[in-house]
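Results of the structural survey
The chain contents come next:
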2 protein chains.
Amino acid sequence: MIIDCHGHYTTSPPEHQAWRQAQLAALRDGTSVPPLPSISDDQIRESIETGQLRIQRERGTDLTIFSPRAASMAHHEADAAANAVWSAACNDQIHRVCNLFPRNFIGVCQLPQASGADPAGCIVELRRCVEELGFIGCNLNPDPSGGHWSGPPMTDYSWYPLYEALVELDVPAMIHVSSSCNPNFHATGAHYINGDTSVFMQLLQGDLFADFPTLKFIIPHGGGAVPYHWGRYRGLAQDMERPLLEKYLLNNVFFDTCVYHQPGAELLAKVIPAKNILFASETIGAVRGIDPQTGFHYDDTRRYIDAIPWLDDAERALIFEGNARTVYSRLTRQYALQTSPHGEAA
Amino acid sequence: MIIDCHGHYTTSPPEHQAWRQAQLAALRDGTSVPPLPSISDDQIRESIETGQLRIQRERGTDLTIFSPRAASMAHHEADAAANAVWSAACNDQIHRVCNLFPRNFIGVCQLPQASGADPAGCIVELRRCVEELGFIGCNLNPDPSGGHWSGPPMTDYSWYPLYEALVELDVPAMIHVSSSCNPNFHATGAHYINGDTSVFMQLLQGDLFADFPTLKFIIPHGGGAVPYHWGRYRGLAQDMERPLLEKYLLNNVFFDTCVYHQPGAELLAKVIPAKNILFASETIGAVRGIDPQTGFHYDDTRRYIDAIPWLDDAERALIFEGNARTVYSRLTRQYALQTSPHGEAA
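What you see is a predicted model; the values in this text were computed from it and never measured.

**A closer look at the relation of the copies chain A and chain B**
Put simply, the second copy of the chain is the first one after a rotation about an axis and a shift along it. Superposing chain A onto chain B takes a rotation of 180° plus a shift of 0.0 Å along the axis, which leaves an RMSD of 0.0 Å. Such a combination of turn and shift is consistent with a two-fold rotation axis. When C-alpha positions in chain A are compared against the rotation axis, the closest is assigned to A:Ala225, at 2.2 Å. Comparing interface residues between copies, 100% of those in chain A also lie at the interface in chain B; the contact surface is shared.

**Points about the packing of aromatic side chains**
Two aromatic rings are characterised by how far apart their centres lie and by the angle between their planes. In the structure shown here, the tally under the stated rule is 30 aromatic pairs over all chains. Measuring from ring centre to ring centre gives 5.9 Å for B:Phe200 and B:Trp230, while their planes differ by 50°; the resulting arrangement is tilted. Placement of the pair is B:Phe200 in helix 7 (residues 187–205) and B:Trp230 in helix 9 (residues 230–239), with a sequence separation of 30 residues. A residue is classified by how much of its surface remains accessible, and B:Trp230, at 3% relative accessible area, is buried. Directly above the ring of A:Phe296 sits A:Arg303, whose terminal nitrogen or CZ lies 3.3 Å from the centroid.

**Overview of unusual backbone geometry**
Peptide bonds are mostly trans, and most non-glycine residues show a negative phi. Here the residue pair A:Thr283 and A:Ile284 is connected by a cis peptide bond, since its omega of -10° sits within 30 degrees of zero. One can find A:Ile284 in the loop between strand 8 (277–278) and strand 9 (290–291).

**Observations regarding helix 6 (residues 123–132) of chain A**
Residues and elements named next belong to chain A. Taken together, the buried positions of helix 6 are occupied by Ile123, Glu125, Leu126, Cys129 and Val130. Buried positions in helix 6, seen along its axis, are confined to an arc of 165° and lie on one side of it. Structural note: helix 6 exposes Val124 and Glu132 on the side pointing more than 90 degrees away from its buried face. Buried residues in helix 6 make contact with helix 5 (80–100), strand 4 (138–140) and helix 7 (160–169). Glycine 134 occupies a position one or two residues after helix 6 and carries a positive phi of about 75°.

**A closer look at the sheet that holds strand 4 (residues 138–140) of chain B**
Pairing between sheet strands relies on hydrogen bonds along the backbone, with the strands arranged either parallel or antiparallel. Residues and elements named next belong to chain B. Reading across the sheet, the five strands line up as 4-5-6-7-8 and stay open at both edges, with parallel pairing between neighbours. A strand with exactly one partner marks an edge of an open sheet, and here the two such strands are strand 4 and strand 8 (277–278). Inspection of the sheet shows strand 6 (residues 217–219) paired to strand 7 (residues 253–256) by three bridges, in the parallel sense. In the strand pairing of strand 7, isoleucine 218 is matched with phenylalanine 254.

**Some details on the pattern of salt bridges**
Opposite charge on two side chains lets them pair, provided their charged atoms get close. Summed over the entire model, instances satisfying the criterion amount to 28 salt bridges over all chains. Note that B:Arg59 and B:Asp299 form a salt bridge whose closest N and O atoms lie 3.0 Å from each other. Note that B:Arg59 is positioned in helix 3 (residues 52–59) and B:Asp299 in the loop between strand 8 and helix 12 (301–306), a separation of 240 residues in sequence. Residue B:Asp299 is classed as buried on the basis of its relative accessible area, which comes to 4%. Residue B:Arg303 pairs with B:Asp300 through a salt bridge whose shortest N-O separation is 2.7 Å. Three or more residues joined by partner-sharing salt bridges are found here, namely A:Arg59, A:Asp299, A:Asp300 and A:Arg303.

**Here we look at the sheet that holds strand 8 of chain A**
Residues and elements named next belong to chain A. Read across the open sheet, the five strands follow the order 4-5-6-7-8; overall the sheet is parallel. Among the strands making up the open sheet, the edge pair consists of strand 4 and strand 8. Direction of pairing for strand 5 (residues 173–175) relative to strand 6 (residues 217–219): parallel, over a ladder of two bridges. When the sheet's bridge partners are listed, alanine 173 is paired in strand 6 with phenylalanine 217.

**Some details on the side chain of A:Ser72**
Mapped onto the fold, A:Ser72 is located in helix 4 (residues 70–73). Looking at A:Ser72, its side chain comes within polar contact range of the side chain of A:Arg69, at 3.1 Å.

**Some remarks on the interface of chain A and chain B**
In this assembly, 58 residues from chain A lie in contact with 58 residues from chain B. Taken together, both faces of the contact between chain A and chain B bury some 4700 Å²; the carbon and sulfur share is 52%. When residues of chain A are sorted by the area they lose upon contact with chain B, A:Asn184, A:Tyr228 and A:Arg232 head the list and together hold 19% of the total. The interface formed by chain A and chain B includes four salt bridges. The partner of B:Glu282 in a salt bridge is A:Arg232, and the shortest N-O contact between them spans 3.7 Å. Our count for the chain A to chain B interface comes out at 34 residue pairs in polar contact (both at pLDDT 80 or more). Residue assignment for the side of chain A that touches chain B shows that the elements contributing at least two residues are helix 8 (187–205), helix 10 (230–239), helix 12 (262–271) and strand 9 of chain A. Among the elements that make up the side of chain A that touches chain B, the one with the highest residue count is helix 8 of chain A (10 residues). Of the residues assigned to the side of chain A that touches chain B, the class counts are 27 nonpolar, 23 polar and eight charged.

Procedures and definitions
Residues numbered from 1 in each chain as written. Chains lettered and ligands numbered in written order. Predicted model: local features only at pLDDT ≥ 70, side-chain atom pairs only at ≥ 80, totals over all residues. Heavy atoms only, no water. Least-squares fit on C-alpha atoms with pLDDT ≥ 70 in both. Contact = heavy atoms within 4.5 Å. Phe/Tyr/Trp six-rings, centres within 6.5 Å; stacked < 30°, edge-to-face > 60°. Helix = DSSP H or I, 4+ residues; strand = E, 2+ residues; numbered from the N terminus. Buried < 20%, exposed > 50% of the residue type's maximum accessible area, 1.4 Å probe, protein only. Lys NZ or Arg CZ within 6 Å of the ring centre and 35° of its normal. Arc of directions from axis to C-beta. Pairing = 2+ DSSP bridges. Salt bridge = Lys/Arg side-chain N within 4 Å of Asp/Glu carboxyl O. Polar contact = N/O pair within 3.5 Å; in protein donor to acceptor, adjacent residues only side chain to side chain. Buried area = accessible area lost by both parts, 1.4 Å probe. Nonpolar A, V, L, I, M, F, W, Y, C, P; charged D, E, K, R; others polar.

Okay, structure coming up:
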């Protein structure tokens, strides 16, 4: 089984995003927020069948750990109350996808974070998604200010209540920024990668996993710059008298394979242990074209992993399936529930 | 000849940094700024002989393109007028190093940038350093706010007068942030790397080199995350209907080799053309320890380049010497001047 741990619902029916824009406009203008749009199962079915499901079939992957569109979380665009309505609408849509395609998608939720808001305010929605909707993880935005980075690092105590809930529910968080309102940072070309790199370094500086030994973070986009600069990070840890990174961080931190060329994927697999790498493509996502050097889509990351010559079958099985089942501890049970003859997504 | 294009004077006599702290304290307290400290040639000689020069000899490198300590630029800590005094002091010190060791060091200057200040204010000091002190380039901080990124991207017109001066003087700029006052960004573990990545993406978004076809930027630290995500950047450029990156950016953008492990250095040399890679170590810098996996210093980057099996002699000569002479167009002439029997650094 090939599990893609990083897919966003980037193809949701346009009414969905249009509602968010209407909500933001109403908040800005002091008018009343319109009711949520009515979106039919057929609309959702079509958006998936012509989008992510088609790609799963073309590329021979089986299950996508699926979450709302990351760029649309836009936690910086409204306050926690408004973002709670938006997050619930996004998560409910993911739940519908998982109910319509229970063999192909399993849910991960967006959290109703907001710039300057207490992360503890997200626990109610996290709990609803995990306990009621059968979701197996969340996306956690380390910069709800949208590129201003005005909040505290991820090791700050203000995050602890949320981490306690993650630990209690036994779900991991993918560290994933949203769009950027800072013109210095292109979203997918800079802000995403910087977010990954910055949080890894925050974790190296702090000692978060001493307090939360079972907390698990997935750092997407191949870990940002981290594997490329693995010597720098090993050296910084050493200069800072931290333990070896393998012991200090790699029981809790995992990287996905969203690196869109063969040399990058090979570097990742060379320096990071196979047990810490989760297959992912982020389709349909940041890069949509076909690489003229290969004739295949840049984000067809399965080809890169398949082509790494030194990986043995056991390592490839970890990357494609085993690690996802370990890191997303609820996956196996939830998938059985979704795919049992009389089951539902939750 | 092996030219290291990225060395900072991190070992300057302590009186130098102490003066900056005194200057900042005086500005804060409204008292008068003390006079610059008197530092003897012997002090400078010792700091270099026991530091960078010793390492040059140990590692068999010949010439370091030498600039003031990047973390100490700290453009966010004072206004442009105070930073002008500090930059001049730092640059004068580099000039003394080059005069004392004309065969081993050639100067690159710090600019008196400040958060919110017009970059054109730096031209006077740039011109002084190039025309009077014989410097061959500058370090340019893309975020003089020190981690808040509150200024405009590098493609903004406000930078243009400075770029015009760089073009006129025929000197390149190394894009290099300074320290970070944002707790989200560790300086050498996040802010430096993010700065590199962010600026590359700004250049991909904009079309700066259409306006300045001879302007040259060195993106240090191996180009941040860029080579690791080279497929992402090629794909983003393609989606954005930009030309191939080789044509669009690689006549003007160069990467250094400050990547502190063999797999990272190999990735760099695999995806980036040899003509765009400049040897560098950033010693004595971010990472000071010995890698237990190799028994050598993490920042002994010459070993990594030497050990890349597929580089031929011509490519290695470009990386070690030729590209530095091309990108720093004044290098060859200035070096001859410095090392002629009757010459001085300028």
